[in-house]
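Below are the chains, spelled out letter by letter.
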Amino acid sequence: MHYTELGLVNTTSMFADAVAGRYAIGAFNIYNMETLVAIASAARETRSPVILAVSESALEYMGDDMLMSMIAGLRLSPEEQIALHLDHGHSFESCAHAVDIGFSSVMIDASDRPFDENIDLSSRVAKYAHAHGATTEAELGTIGGHEDEFTNAYDQLCTDPADVREFIMRTNIDSLAIAIGTAHGAHKMRAPTDQIRFDILGEIAQKVPGFPLVLHGASQIPELFVTEINRNGGNIQNARGIPNDQLRQAILMGITKINVDSDSRLAFTAGVRLELTENPDGFNPREYLALGQSAVYENAINEITQTMGSANRLK
Ligand code: G3H
Ligand code: 13P
Ligand code: ZN
């Protein structure tokens, strides 16, 4: 199946428009019908381009046919701009497989390999993706993320600005994930005064002006969700995300794609826990899953309008 048959788009024109308009495209991870519908509905409601991100493990969880049938079920119209993107693909085979089943964009994450090996694998993926009209993201530097309270994003290996230009030229990728102090999961910066490494972002943006840069580990970890989860039987301690004003600043400095997974996970969990607590005798999954879905939907609307700046950008 080719992605165009499903009404999907690759990231080329949404990134070009975002660079020109100095806003970002939100890449929201999905892993079931509820999260898919929540994000697609938020994009429709806000008239925003959006990227549906699917990790390798989420694809395995849903299964190829089930995911692609659900995407078909969205019945995307020509004016919508929705990309289906493999998040953190770890091999050529995994990325090629995603393209083959109908993904419009893939990320090859070979950031743990030596520079030349990273270039070799990323360029092979880009070549394959481009031959099928799909776009490619690669990663340089190490974005951390042990999902526990001891993570210190500053211990991660930040991208060396000196490598960026050569990496992009030699790989022919369409966007680049950079490591500038963020981390995956709900435990990011150690102190409220910690900051994204704007010095490194500034240097990188100067070396490749207008090239789409990607920020992973960009969840804000809203206190509201953590409080709600803990009030209803959960136990999440010392959670901390990236403040919205830092994300806004990063976008103004050249970040074009912002990845959000943990915020949706927290929203979903907060909604489900609230419903189960308020109705202890209930056992209808549709009732608590609906609450989870609407919490993800509301959070995505909030991030699209307050963080990405991508609302009302459809032509
Ligand atoms: O960047 C990683 C994402 O948060 C996906 O995590 O493999 O548990 O779906 P996952
Ligand atoms: P968060 O864990 O901050 O949501 O990051 C998600 C991400 O980068 C997915 O690739
Ligand atoms: Zn990531």
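To be clear, the structure that these remarks concern was listed above.
Around ligand 2 there are 14 residues in total, and Asp87, Lys188, Ser219, Asp261 and Ser262 lie nearest to it. In the model, an oxygen atom of ligand 2 is placed 3.1 Å from a nitrogen or oxygen of the His216 side chain. Between ligand 2 and the protein, one listed contact pairs an oxygen atom with a side-chain N or O atom of Ser219 at 2.6 Å. Considered on its own, ligand 2 offers 310 Å² of accessible surface; in the complex 97% of this is hidden by protein.

Taken together, the neighbourhood of ligand 1 is formed by Asn29, Ser55, Ser57, Asp87, His88, His184, Asp261 and Arg265. Ser57 is positioned such that a nitrogen or oxygen atom in its side chain is 2.6 Å from an oxygen atom of ligand 1. One of the side-chain N or O atoms of His88 is found 3.2 Å from an oxygen atom in ligand 1. Isolated, ligand 1 exposes 310 Å² of accessible area, and the fraction of that covered by the protein chains is 69%. Here ligand 1 occupies the largest pocket.

Turning our attention to the nonpolar core. With 86 residues, the main nonpolar core has Leu67, Phe103, Leu176 and Leu213 as its most contacted residues. Among the nonpolar cores identified, the runner-up in size contains eight residues, and Met14, Phe15, Ile25 and Ala27 belong to it.

This part takes up the coordination of the zinc ion (ligand 3). When a metal carries six donors in an octahedron, the ideal angles between them are 90 or 180 degrees, while four donors in a tetrahedron ideally lie at 109.5 degrees. Distances from the zinc ion (ligand 3) to its protein donors, His88 (NE2), His184 (NE2) and His216 (ND1), fall at 2.1 Å. Ordering the donors of the zinc ion (ligand 3) by residue number gives the pattern H-x95-H-x31-H. In this pair, His88 is assigned in strand 3 (residues 82–89) and His216 in the loop between strand 7 (213–215) and helix 9 (223–231), connecting sequence segments 128 residues apart. You can call His216 buried: its relative accessible area is 0%.

We now examine the sheet that holds strand 4 (residues 105–108). Ordered by their spatial adjacency, eight strands build a closed barrel running 1-2-3-4-5-6-7-8, and the pairing between neighbours is parallel. If you compare each strand with its neighbour and ignore which way they point, the axes differ by 25° on average. Taken together, the three bridges between strand 3 and strand 4 define a ladder with parallel strand orientation. Looking across to strand 4, one finds that His85 is bridged to Ser105. Running at roughly 150° to strand 1 (residues 25–29), helix 12 (residues 285–308) makes contact with strand 1 and strand 8 (255–260) of the sheet.

What counts and what doesn't
Residues numbered from 1 in each chain as written. Chains lettered and ligands numbered in written order. Predicted model: local features only at pLDDT ≥ 70, side-chain atom pairs only at ≥ 80, totals over all residues. Heavy atoms only, no water. Near = heavy atom within 4 Å. Polar contact = N/O pair within 3.5 Å; in protein donor to acceptor, adjacent residues only side chain to side chain. Areas by Shrake-Rupley, 256 points an atom, 1.4 Å probe, with all protein chains shown as cover. 1 Å grid on protein atoms, 1.4 Å probe; cavity = no way out; pocket = protein on both sides within 12 Å on 5 of 7 lines; lining within 4 Å. Sits in = over half its atoms within 2 Å of the grid points. Core = buried A, V, L, I, M, F, W, Y, C linked by side-chain atoms within 4.5 Å. Buried < 20%, exposed > 50% of the residue type's maximum accessible area, 1.4 Å probe, protein only. Donors = N, O, S within 2.8 Å, 3.2 Å for Na, K, Ca; no water. Helix = DSSP H or I, 4+ residues; strand = E, 2+ residues; numbered from the N terminus. Pairing = 2+ DSSP bridges. Axes fitted to C-alpha atoms, helices over the stretch in contact; angles between N-to-C directions. Contact = heavy atoms within 4.5 Å.

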